[in-house]
Amino acid sequence: ETEDKLAGVPLSREKGEDAGAYKITATVDAKANPNYVVTVDEKEAKLTIVANNDKIVVTIKGHTSTGVYNGKEQTVKGFDISTESKAYDLKFVEYTKTDAGDSVVSGTNAGTYKMGLSKDNFKNTSVNYPNVTFEVTDGSLEITPKSLVVSAVADSITYGDDLPTEFKWVADSLLKGDSLDNIH
């Protein structure tokens, strides 16, 4: 009795490492199998790589800044991005906000200015990790009022003279170009 072995039928698969289905194909070397007429079943065999559905949390924290009113525009921009996952690559996080105010906020007058970051501004582009959620803390600029001391200038009159209708005053740190109204 002679034992014959099937030879010359290599299997290969379509290239790819991401989640998805990859075709597996076989080719036949007819000369390597003279005792058989080998045909390949045309049913499409596939290698399926299943996405990792573990929950991944990506944290976005907008930059913040505080300043004192100085009459000039102040700005804060950008955000920090992180995750505790060792497997998920942050290159798969896409920032989708594309208007002129991209992660920037500016202000001149005293007040709080919000950057406007939200989880709607971020998108996961990884097919391998589809279960990504975003926790977003908005960035902000806070400009606090400048301290200003207004002092009345001493004045004197002689008894019986008309009383002054206005008094003079000085401000210790009023910025050039700014003025105070309704000081009488």
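Look up a bit, the structure's there.
These numbers come from a predicted model, not from an experiment.

## Regarding the side chain of Ser126
Mapping Ser126 onto the fold places it in the loop between strand E11 (122-124) and strand E12 (132-137). Judged by its relative accessible area of 6%, Ser126 falls in the buried class. A distance of 3.1 Å separates a polar side-chain atom of Ser126 from the backbone nitrogen of Asn128. Among the polar contacts made by the side chain of Ser126, one reaches the main-chain amide nitrogen of Tyr129 at a distance of 3.2 Å. If we skip the residues at most four places from it in the chain, Ser126 touches Tyr88 and Phe92.

## Remarks on the environment of Pro130
On the secondary structure map, Pro130 appears in the loop between E11 and E12. Distance in space between the C-alpha atoms of Pro130 and Ala51 is 7.1 Å, their sequence separation being 79 residues. When sequence neighbours within four positions are dropped, the list of residues in contact with Pro130 reads Ala51, Asn52, Asn53 and Asn124.

## Here we look at the environment of Gly62
Its place among the elements puts Gly62 in strand E4 (residues 56-62). The class for Gly62 is buried, based on a relative accessible area of 4%. Placed 21 residues apart in sequence, Gly62 and Asp41 show a C-alpha to C-alpha distance of 57 Å. Beyond its immediate stretch of four places on either side in the chain, Gly62 contacts Gly78, Phe79, Leu117, Thr137, Asp138 and Gly139.

## Notes on the pattern of salt bridges
Per the counting criterion, the structure on display carries two salt bridges. Measuring nitrogen to oxygen at the nearest pair gives 3.5 Å for the salt bridge that ties Arg13 to Glu17. In this structure, Lys46 and Glu44 form a salt bridge, with 3.4 Å as the shortest nitrogen-oxygen distance. Lys46 gets classed as partly exposed once you look at its relative accessible area, which sits at 46%.

## As for a nonpolar patch on the surface
On the surface, a nonpolar cluster with roughly 260 Å² of combined accessible area is contributed by Leu11, Ile24 and Leu47. In this fold, Leu47 is placed in strand E3 (residues 45-49).

## Thoughts on the side chain of Gln74
With respect to the helices, strands and loops of the structure, Gln74 is situated in strand E6 (residues 74-77). Its relative accessible area of 14% is what places Gln74 among the buried residues. Apart from residues no more than four positions distant in its own chain, Gln74 is found in contact with Gly67, Val68, Tyr69, Val105, Ser106, Gly107, Leu141 and Ile143.

## Regarding the nonpolar core
The biggest cluster of nonpolar side chains holds 16 residues, and the ones touching the most others in it are Ile56, Val58, Tyr88, Val93, Phe122, Val132 and Phe134. Sorting the residues of this core by element identifies E4, E12 and strand E13 (140-144) as the ones contributing at least two each. The leading source of residues in this core is E4, at three residues. Residues contacting Phe134, with those up to four places away along its chain left out, are Val58, Val93, Lys119, Phe122, Lys123 and Asn124.

Parameters and conventions
- Per chain, residue numbering runs from 1 following the sequence as it is written.
- This being a predicted model, a pLDDT of at least 70 is required before a residue's local features are given, and a value of 80 or more before pairs of side-chain atoms are given or counted; all residues contribute to the totals for chains, interfaces and linings.
- Excluded from the side-chain calculation are hydrogens and water; included are all heavy atoms of the structure.
- Numbered from the N terminus, helices here are DSSP runs of H or I no shorter than four residues, and strands are runs of E no shorter than two.
- Exposure is judged per residue with a 1.4 Å probe applied to protein chains only, and the accessible area is read against the type maximum: over 50% gives exposed, under 20% gives buried, and values in between give partly exposed.
- Residues adjacent in sequence count toward polar contacts only when both atoms are side-chain atoms; beyond that, a polar contact is any pair of N or O atoms within 3.5 Å, and within protein one must be able to donate a hydrogen and the other to accept it.
- Contacts are residue-level and defined by heavy atoms, with any inter-residue pair within 4.5 Å sufficient.
- What counts as a salt bridge is simple: a side-chain nitrogen of Lys or Arg found within 4 Å of a carboxyl oxygen of Asp or Glu.
- Without a salt bridge and with relative accessible area above 30%, a residue can belong to a patch; like charges are then joined within 9 Å and nonpolar side chains (Val, Leu, Ile, Met, Phe, Trp, Tyr) within 5 Å.
- Accessible areas in this description were obtained via Shrake-Rupley with a 1.4 Å probe; residue shielding takes into account the shown protein chains only.
- The criterion is simple. A nonpolar core is a set of buried Ala, Val, Leu, Ile, Met, Phe, Trp, Tyr and Cys residues joined through side-chain atoms within 4.5 Å.

Scope: geometric values only; no functional claims are made or implied.
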